[in-house]
Amino acid sequence: MQLRKPIFPIKNNLLTYLDKYNKTTEISMLYEDLLRFKDYTVIEDKDGKDTLWLSVYYSQWEQEEIQQNLKIIYTYLHSDGDRTTLPFLKVESIEFCTFGNSKPFRIRVKNILNENYTNFYIKKADASRIYGLELEDLLSPHRVNYLVYKDTLIEEHILGIPGDIFIERHLPLCSDLEKSQIAKEFVKFNERCLLGLLGDMRSYNYVVVVTHDYDQIVYRIRSIDFDQQSYEGDLSFYMPQFFKENQLMLELIDEKLEANSVEQYRKEVRSVIAKRILNSFERYSDLISIMKEDHISTDEKINQLKLALYKLTYSYHFKHCDTMGEIVETGLNFIVKNYRKHN
């Protein structure tokens, strides 16, 4: 990325779509209200390294109102606005990230009855990020919980071990069988990102979800950052395999998987995505028709990307694309058509 990606406004037709599919809400506080903090402290990890997060504080007369509004937002996100739980909720911390496009606030809410806590995020709403969240919810095995109000985006925290930490601390301790499974999952993750045009999946922008099954540990990889949805023109930007931060994952694939296995896993992803599109075709069609009309990139980047995809696939349909939404649709249409041909 040469320049920071701009934030694209949410236009009326996208807002209508979000309202139709219950992704909108009404709250009494906007993202800008949280920016009025008066002081902060730097948050360091256990090794004393700056995490790029700040713990922020507000004036005394604002603190109580802000915390009450944050608890109400929590109930909208997790219990459809049921306020009977408000007396049992406490805002433990409000943290602000100085890194990345969305400049998020991370809110930690604790249930005082059982001492459990939950995180959620408040960000400046960005149309391209909304498309990324929706495509993730539609096309991937993972559900995404978020709400939009005007120019404010509220996102549920996605559980998992950050990819960079997993690669450094956990991967060396995995068994050979587990490493083979992780290699397979990275191949599938790489394919999903390419098909959905989700970019910038460096190791710190995805998490590894670890689940203990009956007699094994199951690993899944999922994105936690959707800022770079369908914006850049470089095709490799949408393929996690090309980021140096993921080099160990590539070495794992070379070590554990045969070439025909890699191709098999890529085909599995395409088949599953095609079925998901067909099973949710009305919602997919609604989304892609709006995305096709939206301008979430530059003409230069669009031309660069569609030429690269034409050279990769030899599909002349990419040459006629004028927006990023049309490029996404063209690629997914190819997947669906191929699936129907063989089923």
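Computed from a prediction, not measured in an experiment: that's the story for all the values here.

As for the overall build of the protein
- Scanning the protein from terminus to terminus reveals eleven helices and ten strands.
- Over its C-alpha trace the protein gives a radius of gyration of 21 Å, about what one expects of a compact globule, namely 20 Å for 343 residues.
- By principal-axis analysis of the C-alpha atoms, the protein measures approximately 60 × 50 × 40 Å.
- Here the protein holds 343 residues, and 50% of them are scored as buried.
- Carbon and sulfur atoms form 49% of the exposed surface of the protein, whose accessible area is close to 17,800 Å².
- Charge-centre separation for the protein: the mean point of 45 positive side chains lies 3 Å from the mean point of 53 negative side chains.

Looking at the nonpolar core
- L14, I130 and I327 are the most contacted members of the largest nonpolar core, which totals 73 residues.
- Element by element, the count of residues in this core is highest for helix 6 (residues 176–196), at eight residues.
- Core analysis: the next-biggest nonpolar cluster, separate from the first, contains 26 residues, Y31, L34, I66 and I122 among them.

Quick notes on the packing of aromatic side chains
- Under the defined criterion, the tally for this structure stands at 16 aromatic pairs.
- Geometrically, the ring pair formed by F186 and F189 is tilted, given 6.3 Å between the ring centres and 55° between the ring planes. Here F189 and F186 lie together in helix 6, a separation of three residues that amounts to about one turn. Here F186 and F189 have matching classes, each one buried.
- The rings of Y31, F37, Y58, F96 and F105 are connected pair by pair, giving a single aromatic cluster.
- Seen from the ring of W53, R106 lies directly overhead, with NZ or CZ sitting 3.9 Å from the centre.
- One Lys or Arg, K319, reaches over the ring of Y310 and ends 4.2 Å from the middle of that ring.

Points about the environment of K184
- Inspection of the secondary structure assignment puts K184 in helix 6.
- We classify K184 as partly exposed; its relative accessible area is 23%.
- Counting along the chain gives 164 residues from K184 to K20, while the straight-line C-alpha distance between them is 36 Å.
- Ignoring any residue separated from it by four or fewer positions in sequence, one finds K184 in contact with L257 and Y265.

Rules used throughout
Numbering of residues starts from 1 in each chain and follows the order in which that chain's sequence is written. Only residues with pLDDT of 70 or above have their local features reported here, since the model is predicted, and side-chain atom pairs are shown and tallied only from 80 upward, although totals for entire chains, interfaces and linings are computed over all residues. Side-chain metrics rest on all non-hydrogen atoms present in the structure, leaving aside hydrogens and water. Numbered from the N terminus, helices here are DSSP runs of H or I no shorter than four residues, and strands are runs of E no shorter than two. For a compact globule the rule gives 2.2 Å times the number of residues to the power 0.38, and the radius of gyration it is set against comes from C-alpha atoms. The rule is simple: take the accessible area with a 1.4 Å probe, protein chains only, and divide by the maximum for that residue type; under 20% is buried, over 50% is exposed, in between is partly exposed. Residue exposure ignores everything except the shown protein chains as possible cover, and the areas themselves are Shrake-Rupley values with a 1.4 Å probe. For the purpose of charge, His is not counted, nor are the chain termini; Lys and Arg are scored as positive and Asp and Glu as negative. Taken as the charge location is NZ of Lys, CZ of Arg, CG of Asp or CD of Glu. Nine residue types can take part in a nonpolar core, namely buried Ala, Val, Leu, Ile, Met, Phe, Trp, Tyr and Cys, and a core is a set of them joined through side-chain atoms within 4.5 Å. When the centres of two rings from Phe, Tyr and Trp lie within 6.5 Å, Trp using its six-membered ring, the rings pair. Their planes under 30 degrees apart give stacked, over 60 give edge-to-face, and anything left gives tilted. A ring is scored as having a charge over it whenever the NZ atom of a lysine or the CZ atom of an arginine sits within 6 Å of its centre and within 35 degrees of its normal. Residue contacts are defined here by distance: any two heavy atoms, one from each residue, within 4.5 Å place the two residues in contact.

Purely spatial values, then, with no claim about function.
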